[in-house]
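Tertiary structure, described
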Amino acid sequence: MPAKKKNKPPIKKSYLETRPDSIKRFLSAIKQGATIKLAAISETAFYRYLDLGRETEDTIYHKFLLDFRKAKASLVIKHLMNINTKADDDWRASKYILALNGIVEQSKPEIEVN
């Protein structure tokens, strides 16, 4: 009598595979200045996906890493151009967006003591 084969549990697909539309919206939001805290995935999963993207090539994780970097680069370019073209006006909103995304340090207000 042949031995019974055990059924292996199916491998759980990642959020990147099961929710491509959500990932596309997330990357679009990143381009507009949103932070990862607004993502529909946990921060732990997000950073794990980036780590896997750095460790592998030709995978869904590597593509996500490249797409994320591209979205962040679009954000930076947009706001740096805004700062450069509107320096005579009020460019603080762009500086805030860049600071929010860890690109520049947000300065603290100076307090004068008399």
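Described in the following lines is the structure provided in the data block. (Residues numbered from 1 in each chain as written. Predicted model: local features only at pLDDT ≥ 70, side-chain atom pairs only at ≥ 80, totals over all residues. Heavy atoms only, no water.)

1. A short note on the environment of Val104
Looking at the element boundaries, Val104 is found in the segment after helix H5 (92-100). In this structure, Val104 is in contact with Lys95, Leu98 and Ala99, ignoring residues within four places of it in sequence. (Helix = DSSP H or I, 4+ residues; strand = E, 2+ residues; numbered from the N terminus. Contact = heavy atoms within 4.5 Å.)

2. Considerations on the pattern of salt bridges
Evaluated as defined, the whole model comprises two salt bridges. A salt bridge links Arg54 to Asp51; the shortest N-O distance between them is 2.8 Å. Here Arg54 pairs with Asp51, and both are found in helix H3 (residues 43-55), just three residues apart, close to one helical turn. Its salt-bridge partner being Asp67, residue Lys63 comes within 2.7 Å of it at the nearest N-O pair. Of the two residues, Lys63 and Asp67 are both situated in helix H4 (residues 60-85); the distance of four residues between them amounts to about one turn of the helix. (Salt bridge = Lys/Arg side-chain N within 4 Å of Asp/Glu carboxyl O.)

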